[in-house]
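Architecture and fold: a report
The lines below spell out each chain.
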Amino acid sequence: MPRIALFPGSFDPFTKGHEDIVLRGLQLFDEIIIGIGRNANKQRYFALEQMVGLIEQTFRGYPAVRVVSYDDLTANVAREMGARFLLRGLRNTTDFEYENGISQVNRFVYEDVETVFLITSPHLAPISSSIIRDLHRYGKNVDAFVPYKLETAGY
Ligand code: ADP
């Protein structure tokens, strides 16, 4: 049975930290599905379709990686896609507190799902999507933080 992992997140935007988790995850899994969760209550900064395209472009040379977007409980999506693993990155204790809770809930929804955490590579640990959004919003070039080209905001 192929080992399929779902890597769920908002990816608003997808960063070099996320890319690192996927590339390292490929050592563990036969297939990684990057799942962008749609959240009706949360307004995105980068359009969902744009981010799907940019992530696809990033992993063009990797047939074991694909990108989906979803509007459901993450654990339900994993079950439907035949993914027995959820892949998540851990940067610090704040991430840990949050991840600890959601991994329990995910097993409540889908008892066979196992969350696998990769500790962030130290040089990528300071990267967060929210900081990139702020830099971009005020016209800063964010090439250092994302694995694709983004137009700078028009300021
Ligand atoms: P969410 O909104 O679900 O937290 P994110 O898109 O912010 O989604 O993050 C998705 C996953 O990537 C989470 O497990 C998060 O901890 C991890 N992550 C975020 N930034 C980094 C980084 N710089 N390095 C490694 N993992 C990261």
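**Let's talk about helix α1 (residues 16–25)**
- Among the residues of α1, those classed as buried are Gly17, His18, Asp20, Ile21, Val22 and Gly25.
- Contact partners of the buried residues in α1: β1 (4–9), β2 (31–37), β3 (65–70), β4 (85–90), β5 (114–119) and α5 (129–137).
- Capping the start of α1 is the job of one residue whose side-chain oxygen sits 3.1 Å from the backbone nitrogen of Gly17: Thr15.

**A closer look at the site of the ligand**
- For the ligand, the set of nearby residues contains 16 residues, the closest of which are Ser10, Phe11, Gly89, Leu124 and Ile127.
- A distance of 2.9 Å is found between an oxygen atom of the ligand and a backbone nitrogen or oxygen belonging to Phe11.
- Bound to the protein, the ligand loses 88% of the 550 Å² it would expose on its own.
- Split into classes, the residues belonging to the shell around the ligand amount to six nonpolar, six polar and four charged.

**A few points about the nonpolar core**
- Core analysis: the largest hydrophobic core is formed by 30 residues, its most contacted members being Phe7, Phe14, Ile34 and Ile55.
- For this core, the elements supplying multiple residues, two or more each, are β1, α1, β2, α2 (48–58), β3, β4 and β5.
- Sort the elements by how many residues they give to this core and α2 lands first, with five residues.
- Those residues in contact with Phe14, other than ones at most four positions away along the chain, are Phe7, Glu19, Val22, Ile34, Met51, Ile55, Phe59, Val146, Pro147 and Tyr148.
- Within the second largest apolar cluster, 12 residues are counted, among which are Leu6, Ile33, Val77 and Tyr110.

**Some thoughts on the environment of Tyr45**
- Tracing the chain through its elements places Tyr45 in the loop between β2 and α2.
- Along the chain, Tyr45 and Phe59 lie 14 residues apart, while their C-alpha atoms are 22 Å from each other.
- Only 2.7 Å separates the side chain of Tyr45 from the side chain of His136, close enough to count as a polar contact.

**Concerning the pairing of β4**
- Counting buried positions over the six residues of β4 gives five, a clear majority of the element.
- Two strands pair when backbone bridges link them, and β1 and β4 are joined in this way by two bridges, in the parallel orientation. Each bridged residue has a counterpart across the sheet, and for Leu6 the counterpart in β4 is Leu86.
- Direction of pairing for β4 relative to β5: parallel, over a ladder of six bridges. Residue pairing in the sheet places Leu87 in a bridge with Val116 of β5.

**Here's the deal with the pairing of β3**
- Relative to β3, β2 runs parallel, the two sharing six bridges. The residue bridging Gly35 from the neighbouring strand is Val68, located in β3.
- In terms of handedness, the path from β2 via α2 over to β3 forms a crossover that is right-handed.

**Examining the pattern of salt bridges**
- The final tally for this structure, using the stated rule, is eight salt bridges.
- Close ionic contact of Asp95 with Arg91 constitutes a salt bridge, the shortest N to O distance being 2.9 Å.
- Residue classification places Asp95 among the buried residues on the basis of a relative accessible area of 12%.
- Glu114 is paired through a salt bridge with Arg107; the nearest N and O atoms lie 3.2 Å apart.

**Regarding the sheet that holds β1**
- In spatial order, the strands read β3-β2-β1-β4-β5; together these five strands make up an open sheet with parallel pairing. The sheet is open, and its two edges are formed by β3 and β5, each paired on a single side. Taken pair by pair, the neighbouring strands of this sheet meet at an average axis angle of 30°, ignoring direction.
- Packing of α1 onto the sheet brings it into contact with β1, β2, β3, β4 and β5, and relative to β5 it is tilted by some 115°.
- Packing of α2 onto the sheet brings it into contact with β2 and β3, and relative to β2 it is tilted by some 160°.

Rules used in this analysis
- Residues numbered from 1 in each chain as written.
- Predicted model: local features only at pLDDT ≥ 70, side-chain atom pairs only at ≥ 80, totals over all residues.
- Heavy atoms only, no water.
- Buried < 20%, exposed > 50% of the residue type's maximum accessible area, 1.4 Å probe, protein only.
- Helix = DSSP H or I, 4+ residues; strand = E, 2+ residues; numbered from the N terminus.
- Contact = heavy atoms within 4.5 Å.
- Polar contact = N/O pair within 3.5 Å; in protein donor to acceptor, adjacent residues only side chain to side chain.
- Near = heavy atom within 4 Å.
- Areas by Shrake-Rupley, 256 points an atom, 1.4 Å probe, with all protein chains shown as cover.
- Nonpolar A, V, L, I, M, F, W, Y, C, P; charged D, E, K, R; others polar.
- Core = buried A, V, L, I, M, F, W, Y, C linked by side-chain atoms within 4.5 Å.
- Pairing = 2+ DSSP bridges.
- Right-handed = clockwise from strand over helix to strand, strands pointing away.
- Salt bridge = Lys/Arg side-chain N within 4 Å of Asp/Glu carboxyl O.
- Axes fitted to C-alpha atoms, helices over the stretch in contact; angles between N-to-C directions.

Don't take any of this as a statement about function, it's just geometry.
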